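One letter stands for each residue in the lines below.
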Amino acid sequence: MMESRSQKIAIEAFARIKDKEHQSYTEEAKKKYATLVHKLPAMLLQNGLTQTTGFLLAKNEAHHSDLLTDLRLVIEALATHQYQDNVTFHEAIIHLELPQTLAMTRNALAIAGWLRRYVQGVWNIGPDGEDVNQTALEEK
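Quick look at the structure, then. (Residues numbered from 1 in each chain as written. Predicted model: local features only at pLDDT ≥ 70, side-chain atom pairs only at ≥ 80, totals over all residues. Heavy atoms only, no water.)

**Observations regarding the overall build of the chain**
Okay, step 1: Each helix and strand in the chain was counted, giving 7 helices and 0 strands.
Okay, step 2: Compactness check: the chain gives a C-alpha radius of gyration of 15 Å against a globular reference of 14 Å for 140 residues, within 12% of the reference.
Okay, step 3: Along the longest, intermediate and shortest principal axes, the C-alpha atoms of the chain span 50 × 40 × 30 Å.
Okay, step 4: If you take every contact in the chain between residues at least 6 apart in sequence, the share linking residues at least 24 apart comes to 67%. (Helix = DSSP H or I, 4+ residues; strand = E, 2+ residues; numbered from the N terminus. Rg over C-alpha atoms; globule rule 2.2 N^0.38 Å. Contact = heavy atoms within 4.5 Å.)

**Focus on the packing of aromatic side chains**
Okay, step 1: Applying the stated criterion across every chain, the model contains 6 aromatic pairs.
Okay, step 2: Ring geometry for F14 against Y118: centres 5.0 Å apart, planes inclined by 65 degrees, an arrangement best described as edge-to-face. Of this pair, F14 sits in helix α1 (residues 5-18) while Y118 sits in helix α6 (residues 98-121); the two residues are 104 residues apart in sequence, bridging distant segments of the chain.
Okay, step 3: We classify Y118 as buried; its relative accessible area is 16%. (Phe/Tyr/Trp six-rings, centres within 6.5 Å; stacked < 30°, edge-to-face > 60°. Buried < 20%, exposed > 50% of the residue type's maximum accessible area, 1.4 Å probe, protein only.)

**Topic: the environment of Q51**
Okay, step 1: One can find Q51 in helix α3 (residues 27-58).
Okay, step 2: Each C-alpha atom, one on Q51 and one on I9, is 22 Å from the other, the two residues being 42 residues apart in sequence.

**Some thoughts on the packing of helix α4 (residues 62-78) against α6**
Okay, step 1: At their nearest, the axes of α4 and α6 sit 10 Å apart, and the two run at 120 degrees to each other. As the angle between them shows, α4 and α6 are arranged oblique. Crossing hand, α4 versus α6: right-handed. Contacts between α4 and α6 pair L67, L71, V74, I75 and L78 from the former with M104, N107, A108, I111 and L115 from the latter.
Okay, step 2: In terms of residue class, the contact of α4 with α6 is built from 9 nonpolar, 1 polar and no charged. (Axes fitted to C-alpha atoms, helices over the stretch in contact; angles between N-to-C directions. Parallel < 35°, antiparallel > 145°, perpendicular 65-115°, else oblique. Left-handed = near helix turned anticlockwise from the far one by under 90°. Nonpolar A, V, L, I, M, F, W, Y, C, P; charged D, E, K, R; others polar.)

Here is the structure:
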């Protein structure tokens, strides 16, 4: 059975969130990563793929680097092309023609959506960095 693009993205994004590297995060590191994940779709829509990856690359913090790595690894799983690291990934994006940029941006938005769902569903961390279940209880 052949997987759809959306299924493949969901599977790969889930693997990134369940990854042992993220499981070793402190609670504070998880919150920082999760908050950034929740902002990713808006960043992509407002700034574009090139500026967003450039921003994540330029920030010298682990959660920015980890998110860029996760984005790159899921994109690599969708395509046959592998990038050496986050820098070569960003450089490749800079040199894309418009149709390829649009296609990769669509993929990045889909990936961002799945990462958000899994951060919220698996880690129970909402956009504000707080526990989703705790926030729901307080609202009742």
